[in-house]
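Remarks on the overall topology
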Amino acid sequence: MRTLINKILCPTDGSHAAEKAVDFAIKFAKMLEIPLTFLLVSRIPEESASEIRYRGSALIDAANVQDFMELSSALKEAQEAGLTEVSCVRTYARRNIAAAIIDYAEKENFGHIVMGSMGRTGVARILLGSVAAEVVQKAHCPVTIVR
């Protein structure tokens, strides 16, 4: 089945909602027979770590391991489901994770975004605003929010 959706982007952060979105995105991509990319947005690029006071290389290394584990888990699940066109990408954002997701999706010409309703930020999302809501508002393509 071919659609106007050329490929799917699924941001993930290891949260419960993101795990549900990963499951949905895998089924969706398989049904449409289109490529799927998992995106993890890290808050601080390694190059900036030396500029940040009180953050050492051990903290950066731990974050890299966590990012790798989250992307590896999503990739493994997709491969076990039979997807052959699946990839993982990590990008960086100092503050605005939603903007990083939107920019990546637009730059790479994704036709659809599938993401969880709320990430790791928990209660902080009430104060800072919802990443999912901002992506829905500003993305150039359709967005499916999974709860």
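One structure accompanies this document, and this report is about it.

Calculation rules
Residues numbered from 1 in each chain as written. Predicted model: local features only at pLDDT ≥ 70, side-chain atom pairs only at ≥ 80, totals over all residues. Heavy atoms only, no water. Patch = residues over 30% accessible without salt bridge, like charges linked within 9 Å, V, L, I, M, F, W, Y side chains within 5 Å. Areas by Shrake-Rupley, 256 points an atom, 1.4 Å probe, with all protein chains shown as cover. Salt bridge = Lys/Arg side-chain N within 4 Å of Asp/Glu carboxyl O. Helix = DSSP H or I, 4+ residues; strand = E, 2+ residues; numbered from the N terminus. Pairing = 2+ DSSP bridges. Axes fitted to C-alpha atoms, helices over the stretch in contact; angles between N-to-C directions. Contact = heavy atoms within 4.5 Å. Expected span 1.5 Å × (residues − 1). Buried < 20%, exposed > 50% of the residue type's maximum accessible area, 1.4 Å probe, protein only. Polar contact = N/O pair within 3.5 Å; in protein donor to acceptor, adjacent residues only side chain to side chain. Phe/Tyr/Trp six-rings, centres within 6.5 Å; stacked < 30°, edge-to-face > 60°. Lys NZ or Arg CZ within 6 Å of the ring centre and 35° of its normal.

This part takes up a nonpolar patch on the surface. Nonpolar side chains collect at one region of the surface, where Val65, Phe68 and Met69 lie side by side and expose about 330 Å² of accessible area between them. Structurally, the position occupied by Phe68 is in helix H3 (residues 57-80).

Let us now look at the sheet that holds strand S4 (residues 112-116). What the five strands build is an open sheet, ordered S3-S2-S1-S4-S5; its pairing is parallel. Of all strands in the sheet, those with a lone pairing partner are strand S3 (86-92) and strand S5 (143-146), marking the two edges. Put simply, the sheet's adjacent strands are angled 25° from each other on average, direction ignored. For S4 and S5, the ladder comprises four bridges, and the chain directions are parallel. Residue pairing for S5: Ile113 is matched across the bridge by Val143. Packing of helix H4 (residues 97-107) onto the sheet brings it into contact with strand S1 (8-11), strand S2 (36-42), S3 and S4, and relative to S2 it is tilted by some 145°. On top of the sheet, helix H6 (residues 131-138) reaches S4 and S5; it is set at about 165° to S4, its chief contact.

Our focus in this paragraph is helix H1 (residues 16-32). For H1, built from 17 residues, the straight-helix expectation of 24 Å at 1.5 Å per residue is met to within 8% by its first-to-last C-alpha distance of 25 Å. Downstream of H1 by a residue or two, Glu33 has a phi angle that is positive, lying close to 55°.

For H4, the full list of buried residues reads Ile97, Ala98, Ala100, Ile101, Ile102, Tyr104 and Ala105. Considering only its buried residues, H4 is in contact with S1, S2, S3, S4 and H6. Where H4 begins, one side-chain oxygen reaches toward the backbone nitrogen of Ala98, 3.1 Å away; that side chain belongs to Asn96.

So, about the packing of aromatic side chains. A complete count under the given rule lists two aromatic pairs for this structure. Ring centres of Phe24 and Phe28 lie 5.7 Å apart, and the angle between their planes is 35°; on these two criteria the pair is classed as tilted. Highlighted residues: Phe24 and Phe28, both in helix H1, separated by four residues, approximately one helical turn. Judged by its relative accessible area of 15%, Phe28 falls in the buried class. Of note, Lys7 hangs over the ring of Phe110, and the distance from its end group to the ring centre comes to 4.7 Å.

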